[in-house]
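# Structural description and commentary
These are the residues of each chain, in order.
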Amino acid sequence: MPKGPGNKSCHNVRTDCTAPGLRQAVLDNLYYVSGNTPVTASAQDWYDAVAYCVRDRMLKAWNEGIERITKALDLRAVAYLSAEFLIGPQLGSNVLALGIAEPLREALATLGQDLDAIVDGEHEPGLGNGGLGRLAACYMDSMATLGVPAIGYGIHYEFGMFTQTIRDGWQVEMADKWLRQGFPWEIVQHEFAVEVGLGGSTETFLDAGGRLRVRWNPEKRILAVPHDIPVIGYGGTFCNVLRLWSAEAVDAFDFGSFSSGDYGKAVEEKILSETISKVLYPNDEPYQGKVLRLGQQYFFVSASLRDMLRVQQMLGKPLDTFHTTFAIQLNDTHPAVAVAELMRLLVDGHGMEWERAWAVTTKCFSYTNHTLLPEALEKWPVELFGGLLPRHLEIIYEINRRFLEEVRAAYPGDEGLAARLSLIDEASPRSVRMAHLAVVGSHAVNGVAALHTELLKTHVMQDFAALTPQKFCNVTNGVTPRRFLALCNPRLAACITSRIGPAWINRFEEEIGKLEAFADDPGFQAQWRGIKRENKAALSALAEKHLGVALNPDAVFDVQVKRVHEYKRQHLNILRVIALYSAIKRDPGAEFSPLAVLFGGKAAPGYFMAKRVIKLIHNVAQVINGDPDVGGRLTVAYIPNFNVRVGQVVYPAADISQQISLAGKEASGTGNMKFGINGAVTMGTLDGANVEMRQCVGEENFFLFGLTAPEVVEVKRNGYDPRAYAATDPVLGQALDMIASGAFSAGDREIFRPIVDNLLYQDEYMVLADFASYMHCQALVMEACRDTARFTRMSILNVARLGKFSSDRSIRDYCRDIWNITPELG
Ligand code: NBG
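Residue numbers run consecutively from 1 along every chain, following the written order of its sequence. Given that this is a predicted model, residues contribute local features only at a pLDDT of at least 70 and side-chain atom pairs are listed and counted only at 80 or more, while totals for whole chains, interfaces and linings are drawn from all residues. Water and hydrogen atoms play no part in the side-chain values, which are based on all heavy atoms of the structure.

### Focus on the packing of aromatic side chains
So the rule is basically this: Note on aromatic contacts: the rings of Phe and Tyr and the six-membered ring of Trp form a pair at centre separations within 6.5 Å, being stacked when their planes are under 30 degrees apart, edge-to-face when over 60 apart, and tilted otherwise. Categorising residues by exposure relies on relative accessible area from a 1.4 Å probe, with only protein chains included: less than 20% of the type maximum marks a residue as buried, more than 50% marks it as exposed, and the intermediate range marks it as partly exposed. Secondary structure counts use DSSP, requiring at least four H or I residues in a row for a helix and at least two E residues in a row for a strand, with both numbered from the N terminus. Whether a charge sits over a ring depends on NZ of Lys or CZ of Arg being within 6 Å of the ring centre and within 35 degrees of the ring normal.
As enumerated under the stated definition, the model contains 20 aromatic pairs in all. Here Tyr31 and Tyr32 contribute two aromatic rings whose centre-to-centre distance is 5.0 Å and whose plane-to-plane angle is 65 degrees, an arrangement assigned as edge-to-face. For the pair shown, Tyr31 and Tyr32 are each scored as exposed. Residues Phe524 and Trp528 carry aromatic rings whose centres are separated by 5.5 Å and whose planes lie at 45 degrees to one another, so their mutual orientation is tilted. Residue Phe524 and its partner Trp528 are both found in helix H24 (residues 522–547); the two are separated by four residues, about one turn of the helix. Per residue, the accessibility class of Phe524 equals that of Trp528, and both read buried. The ring of Phe192 carries Arg310 above its face, with NZ or CZ at 3.9 Å from the centroid. Over the aromatic face of Phe162 sits the side chain of Lys602, whose NZ or CZ is 5.6 Å from the ring centroid.

### Brief notes about the environment of Ala465
What counts, and what does not: Throughout, a residue-residue contact means that at least one pair of heavy atoms, one from each residue, lies within 4.5 Å.
Of note, Ala465 is situated in helix H20 (residues 462–467). Linking Ala465 and Val39, residues 426 residues apart in sequence, is a C-alpha distance of 66 Å. Look past the residues within four positions of Ala465 in its chain and what remains in contact with it is Lys457 and Phe472.

### As for empty space enclosed by the protein
As a reminder, the rule being used: Here a cavity is any set of points on a 1 Å grid over the protein atoms alone where a 1.4 Å probe fits but cannot get out, and a pocket is any open set with protein on both sides within 12 Å along at least 5 of 7 lines; a residue lines the site when it has an atom within 4 Å of a point. Grid points are joined across faces, edges and corners, and a volume is the space filled by probe spheres set on the points. Following the grouping adopted for this structure description, the nonpolar residues are Ala, Val, Leu, Ile, Met, Phe, Trp, Tyr, Cys and Pro, the charged ones are Asp, Glu, Lys and Arg, and the polar ones are all others, Gly among them. Here the limits of each domain have been adopted from an automatic or database domain assignment.
On inspection of all chains with the given rule, the structure shows four cavities of 30 Å³ or more. Reported here for the largest cavity is a volume of approximately 220 Å³. In terms of lining, the largest cavity is formed by 17 residues, of which the most central are Gln90, Ser93, Asp141, Val231 and Arg483. Put simply, the parts of the chain that give the lining of the largest cavity at least two residues each are helix H4 (91–98), helix H7 (131–146), strand S9 (220–232) and helix H21 (481–487). Partitioning the lining of the largest cavity into residue classes produces nine nonpolar, four polar and four charged. Counting contributing residues, the lining of the largest cavity receives three or more from each of domain 1 (1–57 + 90–123) and domain 2 (58–89 + 124–164 + 178–476 + 813–819).

Right, here's the structure in full:
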């Protein structure tokens, strides 16, 4: 009798999860997949052999997941459209989800291999810039864990986020060749490739029924090929898919040109087509004019929608029930062109009436806004848009015409309002407002933290909120406790489990609070501190190896890791460091508890000021770390190439988490949550999700400073003068003078002049206004850190009270308030 996969009585090299079974599987893969034996295998061969072995064990849940979506008629699945998915290293998290770490570790040990070393050696796919892309990955993890059927749709960039190296204190970018050694987690599905058009023109024609229809004749066609990555939930029974599209030429080779001797032209088409998914754009750079970026957005959106329509047809369901099959989430405006594309597919492609198509479209879509910064709201010049997507521009005009008709009916005579709400910005150059398209085409719009949603409703999208208040809601961000606690901090995870059991891993919000009972238990506190110290020692070892900087594991680790941006105010942090340094210099004999200030993060390659701030931090570090008066009591280090993998070492080692953006600028932040659930206490402003975190942990367990969002508005309205702050605060004045006078640049007064001048004469993000409050807060932090029992209690309570910030809670919110989906696994 043939035995199926998963049958325990059958020794199956692809499903057996015992140590001997896993050992055999790894050896088989080594031999048959990479053509090696244990004698000839390289580290990469071992990694591949283990990865394929783990992937095999995910395929039962994977195939069941695909069947679930393509067979069940009454199922609504989430289609999560995102230009970025920052998934991080895969091996460790998949092993955790399957629960096979112990037998696998044992199996590898018998082969002389160390599972942890293999996990640590993985090169991660950097398919995102930062928080937004990582949020998408956390949500994929939570959907799989909660049993929410979902497909993540995105782009299979050939080059992800650049690799950051530091030369002489300056950031140098290098291409991220993440695919060079292959990526064992993906399965390429050529049979589901679709063609995507670009450019060309439109024409009208009469269809067989005598109706006037429009046809788009694209100038160019590109093949979108899906690369599927399994996303398995904790427990290993439920699996979703991340489907990333890569661009290929429809005809890779032009035999005509080849035969006539033009060899270059024969492959030209291939090269042009492939550029579409070539590289991830770094954010914080102006998008205007980047036609390739719009091409990328349309490319993945069109392929994804056609993929969903294929499923709809396979299910045999009529098109006007499409919204009952898919809830489509627009992750920021990057995929917003989907609104126009779905209308085109339904109206032009399937001959649906406009009104019916519009009803289906708006029931499908919902939109998450991730930023309040006006410069980050996408706008495409009409000319550029129409050149690439002529039919979509017509459709957007038609959507706008009908929409503005409604606006004018509701607010007769208010042409100013119509102009503000219009999908088209009439200022030169006329452009398409992607956020407006997303709002009008969606039934729900959400911000990512309570304060952010409030500011969206009262400022950035005030007119829309007045027009359709029922559309707006809040879903505060969350992070997955699997990757960002269970996986990255195994010592703390084991300690927590020993007290409250393991249920917190997939029921974080419900369970983690039980830890509070141990907050004052001296034995537990000692254990807690011991773990933090070990984690700090691990980070020090890394810093020593890569930077040659020795970090004292008994120092307080004070960390700011995130993208470098003026609104996130790394320069405020470094001004604080300079002020502390000056205090030591003034009185080297005074008591100063050891403090290690760590930075990490990438700056957009074209962001002049951010790159100069990185240089300043390096120069300050060099002076302070080398000063015998300081004697190692204050150290500063910049951890290069911050990514998910590095984060997994950094978060567990932090005592203090720096979340110091100017109030009203950071939509949510998610690093704040990752630090918090690893026991770091936040030093932060009332910005983004910090506000809610502080409510949860209690104000006595949060170091607050700085202006509030309304105060920021107030101070600016009264005419903000940064120089007045520098003139009246001697500590601040001196710190700025030191930079200006070349104290950190061997006397060079020019190199940091742009930073100092910007702070003194503009200071858009009010660094100088918040400086005094920040320094005052710093004194309180140092005092708290000296009281070990008190600080440990704060740390424990931060973990115990942050249950809300699990992405499982966020996904339940989306399911209930936006998608109308009931999670299958609770
Ligand atoms: C970022 C915000 C963060 C937020 C993440 C995830 C963009 C456009 N926005 O504050 O700056 O945490 O999105 O929501 O990257």
